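# Notes for the structure review
Each chain, written out:
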Amino acid sequence: MPLDEAASRRTKIVEAVERDTGIDEAMVARLVHGFYDRVRADEVLAPIFNARIADWGPHLERMCDFWSSIALMTGRYHGQPMRMHAPLPVSGSHFDRWLDLFRETAAEICPPEAAAFFVSRAERIAESLELGIAGARGEMLRRGERLRPVELADGGE
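Residues numbered from 1 in each chain as written. Predicted model: local features only at pLDDT ≥ 70, side-chain atom pairs only at ≥ 80, totals over all residues. Heavy atoms only, no water.

### Section: the pattern of salt bridges
Within this structure, the stated rule accounts for 13 salt bridges. With a shortest N-O distance of 3.1 Å, arginine 38 and glutamate 104 are connected by a salt bridge. Placement of the pair is arginine 38 in helix H2 (residues 25-41) and glutamate 104 in helix H6 (residues 92-109), with a sequence separation of 66 residues. Three or more residues joined by partner-sharing salt bridges are found here, namely Glu25, Asp65 and Arg76. (Salt bridge = Lys/Arg side-chain N within 4 Å of Asp/Glu carboxyl O. Helix = DSSP H or I, 4+ residues; strand = E, 2+ residues; numbered from the N terminus.)

Here it is as structure tokens:
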């Protein structure tokens, strides 16, 4: 496909997303900041995030770029999510909690069409990360299986 044809196709897709959901950069920023406010206050997820993120400003900017790239095809995100997530001491229950907080935030901040758009992508991202982390640990998850907790040196999860 020629570049101008691909660009035209991408523009039409983004216009449809914006028209059908109301998603724009401001909504992406509200969702990201609102979601991570919940994460930082959550008793399950906060310890994992806070142990790895000293300066939340750059992380929030990176997550805005990530979700802008997902929702609006901006191409601003150039990270390697699997490399960053593979060493985390998480299990399937952590992904469940992450998704619960994400769904709550999207429902509160976004109109229903936008919330559904974001949540469907978040669910796919969570599934992909969970499978990838399992693979990095040498585990092969079967359909319906979840990532097991990692035993830490102190015996905790």
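On we go from here.
### As for helix H1 (residues 3-21)
For H1, spanning 19 residues, the distance from its first C-alpha to its last is 27 Å, which sits close to the expected 27 Å at 1.5 Å a residue. Of the residues making up H1, those classed as buried are Val14, Val17 and Thr21. Projected down its long axis, H1 shows its buried positions confined to an angular sector of 60°, all on one face. Along H1, exposed side chains directed more than 90 degrees from the buried face belong to Asp4, Arg9, Lys12 and Arg19. (Expected span 1.5 Å × (residues − 1). Buried < 20%, exposed > 50% of the residue type's maximum accessible area, 1.4 Å probe, protein only. Arc of directions from axis to C-beta.)

### Details of the nonpolar core
Residues Ile23, Tyr36, Trp67, Trp98, Phe102 and Phe118 are the most contacted members of the largest nonpolar core, which totals 45 residues. Sorting elements by how many residues they give to this core places helix H7 (residues 112-136) first, with eleven residues. Contact partners of isoleucine 23, with chain neighbours within four places excluded, come to Val17, Glu18, Val28, Ala71, Leu72, Ala114, Phe117 and Phe118. (Core = buried A, V, L, I, M, F, W, Y, C linked by side-chain atoms within 4.5 Å. Contact = heavy atoms within 4.5 Å.)

### Focus: H7
Compared with the 36 Å implied by 1.5 Å per residue over 25 residues, the 36 Å span of H7 between its first and last C-alpha is a close match. All of the buried residues along H7 are Ala114, Ala115, Phe117, Phe118, Val119, Ala122, Ile125, Ala126, Leu129, Glu130, Ile133 and Ala134. Of the surrounding elements, those touching the buried residues of H7 are H1, H2, helix H4 (56-72), helix H5 (81-85) and H6. Glycine 138 lies just past H7 and shows a positive phi near 85°.

### Quick word on the side chain of serine 68
With respect to the secondary-structure elements, serine 68 resides in helix H4. Exposure remark for serine 68: the relative accessible area of 0% places this residue in the buried category. At 2.9 Å, the side chain of serine 68 and the side chain of threonine 74 are in polar contact. Filtering out sequence-adjacent residues up to four positions away, serine 68 remains in contact with Glu25, Val28, Met73, Thr74 and Arg76. (Polar contact = N/O pair within 3.5 Å; in protein donor to acceptor, adjacent residues only side chain to side chain.)

### With respect to the environment of methionine 27
Tracing the sequence through the fold places methionine 27 in helix H2. Note on methionine 27: relative accessible area 4%, which makes it buried. Non-local contacts of methionine 27, meaning those with residues more than four positions away in its chain, are made with Thr21, Gly22, Cys110, Pro111, Ala114 and Phe118.

### A closer look at the packing of aromatic side chains
Taken as a whole and judged by the stated rule, the model has twelve aromatic pairs. Between phenylalanine 117 and phenylalanine 118 the ring centres are 6.0 Å apart and the planes differ by 85°, which places this aromatic pair in the edge-to-face class. A residue is classified by how much of its surface remains accessible, and phenylalanine 118, at 0% relative accessible area, is buried. In textbook terms, an aromatic cluster arises when at least three aromatic residues are bridged by ring pairs, as seen for Phe35, Tyr36, Phe49, Trp56, Phe66, Trp67, Tyr77, Trp98, Phe102, Phe117 and Phe118. Against the face of tryptophan 56 rests arginine 40, its NZ or CZ located 4.6 Å from the ring centre. Sitting above the plane of the phenylalanine 117 ring, arginine 121 keeps its charged end 3.6 Å from the centroid. (Phe/Tyr/Trp six-rings, centres within 6.5 Å; stacked < 30°, edge-to-face > 60°. Lys NZ or Arg CZ within 6 Å of the ring centre and 35° of its normal.)

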